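If you want the building blocks of each chain, they are given just below.
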Amino acid sequence: MKESFWGYLIILIGVVSISFILFFQRVTNTDEHNYHLLKEVTEAAMFDAINIAEYRATGEIRIDREKFVENFVRRFAESASLSRNYVIKFYDVNETPPKVSIWVGSNEETNTYDYANGGSIMNFDIVNRLDAILETPY
């Protein structure tokens, strides 16, 4: 009888360990996906927002603020996961020199069950911040 309880304990510890590993893997994948999406979308939106008329007239590279925000939101919405809610904050958009500071947040939630208090939901906020400067070869 004593040996069977040890077997149950080992199986329970294994199930709990696997559930922790799967949860933290999901959180890590979400964070990595958000970061790479933020980086690629920011770069593409900055190139789309370059003011060509200003560059031809003065030779100075300048981005249009409204065009950048519009392109960023459109591109981010096309590639973001539909199962999550995102909060996007633009802290700083400089037109000359082209520089942006963006904050993107989402949250991951999971259900837990405590035998004494019943079920509860745990929320984890995943925040990515990016400061980008547009560099050109010339």
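Data block above holds the structure.
This section reports on the structure supplied with the text. The model shown is predicted, which means the values in this text are computed figures rather than measured ones. (Residues numbered from 1 in each chain as written. Predicted model: local features only at pLDDT ≥ 70, side-chain atom pairs only at ≥ 80, totals over all residues. Heavy atoms only, no water.)

On to the overall build of the chain. Each helix and strand in the chain was counted, giving three helices and three strands. Mapped from its N terminus to its C terminus, the chain presents α and β elements in the order α-α-α-β-β-β. The C-alpha radius of gyration computed for the chain amounts to 23 Å, which surpasses the reference 14 Å derived for 138 residues by more than 25%, pointing to a less compact arrangement than a globule. Its C-alpha atoms give the chain principal-axis dimensions of about 85 × 30 × 20 Å. For the chain, with 138 residues in total, the buried portion stands at 25%. In the chain, the share of contacts with a sequence separation of at least 24, taken over all contacts with a separation of at least 6, comes to 56%. Only carbon and sulfur atoms are counted for the fraction: they give 57% of the accessible area of the chain, which is about 9800 Å². Averaging the locations of the 13 positively and 20 negatively charged side chains of the chain gives two centres separated by 1 Å. (Helix = DSSP H or I, 4+ residues; strand = E, 2+ residues; numbered from the N terminus. Rg over C-alpha atoms; globule rule 2.2 N^0.38 Å. Buried < 20%, exposed > 50% of the residue type's maximum accessible area, 1.4 Å probe, protein only. Contact = heavy atoms within 4.5 Å. Areas by Shrake-Rupley, 256 points an atom, 1.4 Å probe, with all protein chains shown as cover. Lys, Arg positive; Asp, Glu negative; His and termini not counted. Charge placed at Lys NZ, Arg CZ, Asp CG, Glu CD.)

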